[in-house]
Amino acid sequence: MASMQESGIRLEQAPPISVPFRFFLTAPGFLFLAAAAMVWRGGELAQSRFTPAAIAVTHLFSVGFMSMVMIGALQQMLPVLAGAPIRQPRLAAGITHICLTLGTLGLAGGLLFDQTALLKTGVIGLGCGFMVLLIAVGLALLHARTRGAAVNAIWIAVLSLLATVTMGAILGSSLGWGIPLLAALLVDLHPGWGLLGWTGLLATGIAFHAIPMLQSTPAYPAWMVRWFVPLAFVLLLTWSVASALPPHTGQTGRTACQVALASMYVAFAAVTIDLLQRRRRRLPDVSVDFWRVGMASLLAANIVWLAGIVAPVDWRVSVDLSIGVLAFFGFAGSIINGMLYKIVPFLAWFHGQARAGAGKAVPNMRVLLGQERQRLQFRIHLVTLALLVCASAWQPQFVLPAGLALGLDATLLAINVLGVASAFEALGAPA
Amino acid sequence: MTNGISETMTRHHRECDEALARAEEAAAASDWVGLKRDAATFFAEMVRHVGIEEELLFPIFEDATGMRGGPTDVMRAEHERMRDLLAQMRLAVASEDGEQYLGLSETLQVLLQQHNIKEEGVLYPMLDMSLSGQADSLVARIRAYAG
């Protein structure tokens, strides 16, 4: 069949291990920096999410930790889920990684040390890094050979990232160059698109397939797999438009979209908790525990958000911070951590085995990273979450112990992930 | 275009998943008798599934489409990895090493699932499309395949 030969469908193998690993190994470092900033400037964090320290910590976490890991995972998943390998993967990954690393350091450093030049450099670095990434991923997706819910979800998540980064660039120019363009509007839309769009839709889009397959759970409802991501995207767009309208015109639309989005994510969390409860593979698994905590946090964050919309009480600031803690650290931080504990040891095994060749056994995933070490870090993660919730919802004095706990959390995660990387190196294979 | 081939092979993927889970349970419970039995079932299902693909479906597909050195080669390479893991798992069963078995099973699970995603998402639909004329007879041969 000539047409199939010409279409040249390629089931590409994974990119070289250094492509995703550079992101995975950098991320815990940024988590540690977020902790350090929290310990140093904790008092300001508790005041509002708009203080320079709060913005710095948020971006050390959301870009330096969350997005780093998600980008690394995307490099790995595009060939598998979408038949869409990135061309020149090392070059694209290299530029993206360096720009995002320096950009995040610049942004955070500029904010924390009140250095405008540093901040400007950071904004430019982030802009360049994300631009290279979006072009590379966009080109790969345009040539994707598979269709279906997973590819559509990745598309939509990437478009959401484009929206987030564009708004971030505008806000960044406001911070760095004093151009106050649409700032009042974007301070809500930017994190909204970042969390509910880029992070949430990539996570749900992948989870719909990864959870039933990896844990042998029943399938997600077909309507959810088909419609969740596109519907959420439409709601985000509608919410954005409604937010841009004058308050008396757009308020109902805004509220309706917020309620709809919160309800959808509540449904996703509830279904996921139920499916994990009914999983066929019953082995104790720290990754599954991370996902349970992630889903519980997602539920809590959305319930608090819904309560705030439906019955607003005059404690706006700590509600904002509580939702932020639950959504960023509790939800995104937990599921990303859980995913890391699967993908890092697996890739080390996969590439290590490839280099070693047939007939020579390399250590399996559970030897490369044991459950006990994962569980210790998981426990510290739970303590950190509890302290952060206390700090945001109850007593700001908890920020200091929360920061210290986060520092320990980050250190243990770094040790675990670096441990796998050095075990891989010891297998004698070039990275 | 029928999808009898992909339906049959996908259903067998799920049966292999079930067999993997059952053997894991035995290993986790240190039930060595159960492990020997359930692992043997799992290994047999895997060998049969890979045999159907490599000895029956892939050659026919390659002849029909002329697509050699493409997706079927990628799948064959991953089958080799799986065979290596299965061999190590047999050793773990023989030496009643539950920890080792579970670690290998976890690794195989991840390898297998990303392999299955590629087969169910890309390769099987290609098989359905290019071999639709022979679908019924191929399904009969799949069912009758005994290795």
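Residues numbered from 1 in each chain as written. Chains lettered and ligands numbered in written order. Predicted model: local features only at pLDDT ≥ 70, side-chain atom pairs only at ≥ 80, totals over all residues.

### Quick look at the overall build of chain A
Moving on, step 1. Along the backbone of chain A there are 14 helices and 0 strands.
Moving on, step 2. Expected size for 431 residues packed as a compact globule is a radius of gyration near 22 Å; at 21 Å, chain A falls within 12% of this value.
Moving on, step 3. Each of the three principal axes of chain A carries a C-alpha extent, and together these read 65 × 50 × 50 Å.
Moving on, step 4. Of all 431 residues assigned to chain A, the portion counted as buried reaches 54%.
Moving on, step 5. Across chain A, every contact between residues at least 6 apart in sequence was considered, and the portion connecting residues at least 24 apart equals 75%. (Helix = DSSP H or I, 4+ residues; strand = E, 2+ residues; numbered from the N terminus. Rg over C-alpha atoms; globule rule 2.2 N^0.38 Å. Buried ≥ 20, exposed ≤ 12 C-beta atoms within 10 Å, placed from the backbone. Contact = placed C-beta atoms within 7 Å.)

### With respect to the overall build of chain B
Moving on, step 1. The helix and strand inventory of chain B stands at 5 helices and 0 strands.
Moving on, step 2. Written out in order from the N terminus, the α and β elements of chain B read α-α-α-α-α.
Moving on, step 3. Based on the C-alpha atoms only, the size of chain B along its principal axes is roughly 50 × 25 × 25 Å.
Moving on, step 4. Every one of the 147 residues in chain B was classed for burial, and the buried ones make up 37%.
Moving on, step 5. The long-range share in chain B, meaning contacts at least 24 apart out of those at least 6 apart in sequence, stands at 73%.

### Remarks on the environment of Leu235(A)
All names here are of chain A.
Moving on, step 1. Structurally, the position occupied by Leu-235 is in helix α8 (residues 222–244).
Moving on, step 2. In this structure Leu-235 comes out as partly exposed when scored by C-beta crowding, with 19 C-beta atoms within 10 Å.
Moving on, step 3. Along the chain, Leu-235 and Val-313 lie 78 residues apart, while their C-alpha atoms are 25 Å from each other.
Moving on, step 4. Ignoring any residue separated from it by four or fewer positions in sequence, one finds Leu-235 in contact with Cys-257, Ala-260 and Leu-261.

### As for the interface of chain B and chain A
Moving on, step 1. Taken residue by residue, the interface counts 31 residues in chain B and 31 residues in chain A.
Moving on, step 2. Among the elements of the structure, α1 (4–28), α3 (71–94) and α4 (98–130) of chain B are those that each provide at least two residues to the side of chain B that touches chain A.

### Let's talk about the packing of α1(B) against helix α5 (residues 135–144) of chain B
Residue and element names in this part refer to chain B.
Moving on, step 1. Look at α1 against α5: their axes get within 9 Å of each other, and the N-to-C directions meet at 20°. The angle between α1 and α5 places the two elements in the roughly parallel class. The segment α1 lies against α5, with Gly-4, Ile-5 and Thr-8 engaging Ala-135, Asp-136, Leu-138, Val-139 and Ile-142.
Moving on, step 2. Class assignment for the residues of the contact of α1 with α5 results in 5 nonpolar, 2 polar and 1 charged. (Axes fitted to C-alpha atoms, helices over the stretch in contact; angles between N-to-C directions. Parallel < 35°, antiparallel > 145°, perpendicular 65-115°, else oblique. Nonpolar A, V, L, I, M, F, W, Y, C, P; charged D, E, K, R; others polar.)

### Some details on the packing of helix α2 (residues 18–47) of chain A against helix α4 (residues 89–112) of chain A
Residue and element names in this part refer to chain A.
Moving on, step 1. It is the contact of α2 with α4, at a shortest axis distance of 10 Å, that shows an interaxial angle of 5°. Judged by the inter-axis angle, α2 sits roughly parallel to α4. Contacts between α2 and α4 involve Ser-18, Val-19, Arg-22, Phe-23, Thr-26, Phe-30, Leu-33, Ala-37 and Arg-41 from the former and Pro-89, Arg-90, Ala-93, His-97, Thr-101, Thr-104, Ala-108 and Leu-112 from the latter.
Moving on, step 2. When its residues are assigned to classes, the contact of α2 with α4 shows 9 nonpolar, 5 polar and 3 charged.

### Considerations on unusual backbone geometry
Moving on, step 1. Phi at Leu182(A) is positive, roughly 55°, even though this residue is not glycine.
Moving on, step 2. Relative to the assigned elements, Leu182(A) resides in the loop between α6 (149–177) and α7 (183–215).
Moving on, step 3. At Ser30(B), a residue that is not glycine, the phi angle is positive and equals roughly 55°.
Moving on, step 4. Inspection of the secondary structure assignment puts Ser30(B) in the loop between α1 and α2 (32–65).

### Focus: the nonpolar core
Residue and element names in this part refer to chain A.
Moving on, step 1. By size, the foremost hydrophobic cluster in this structure holds 152 residues, and its most contacted members are Leu-31, Ala-34, Ala-37, Val-57, Val-69, Ile-154 and Val-344.
Moving on, step 2. Broken down by element, this core gets its largest block of residues, 21 residues, from helix α11 (residues 316–356).
Moving on, step 3. Those residues in contact with Ile-154 that lie beyond four places of it in its chain are Leu-81, Ala-82, Leu-141, Leu-202 and Gly-205. (Core = buried A, V, L, I, M, F, W, Y, C linked by C-beta atoms within 7 Å.)

### A word on the environment of Cys390(A)
Moving on, step 1. Checked against the element boundaries, Cys390(A) lands in helix α13 (residues 371–393).
Moving on, step 2. For the pair Cys390(A) and Ala402(A), spaced 12 residues apart in the sequence, the C-alpha separation amounts to 8.8 Å.

### Quick notes on the environment of Phe61(B)
Residues and elements named next belong to chain B.
Moving on, step 1. If you trace the backbone, Phe-61 turns up in helix α2.
Moving on, step 2. In this structure, the C-alpha to C-alpha distance between Phe-61 and Met-126, residues 65 residues apart in sequence, is 8.8 Å.
Moving on, step 3. When neighbours within four sequence positions are excluded, Phe-61 is seen to be in contact with Thr-72, Leu-127, Ser-130 and Leu-131.

### Some details on α2(A)
Moving on, step 1. Helix length check: α2(A) (30 residues) gives 40 Å between terminal C-alpha atoms against 44 Å at 1.5 Å per residue, within 8%.
Moving on, step 2. The sharpest bend along α2(A) measures roughly 90° and falls at Arg41(A). (Expected span 1.5 Å × (residues − 1). Bend = angle between axes of the 7 residues up to and from the residue.)

### Examining the confidence of the model for chain A
Moving on, step 1. Averaged over all residues, the pLDDT of chain A is 91; the fraction at 70 or higher stands at 95%.
Moving on, step 2. With pLDDT under 50 throughout, residues 1–10 of chain A is counted as low confidence; its partners more than four residues away or in other chains account for 16 contacts. (pLDDT = per-residue confidence, 0-100.)

### So, the confidence of the model for chain B
Moving on, step 1. In the predicted model, chain B carries a mean pLDDT of 92, and 99% of its residues have values of at least 70.
Moving on, step 2. When the elements of chain B are averaged for pLDDT, α5(B) gives the smallest value, 90, and α2(B) the largest, 95.

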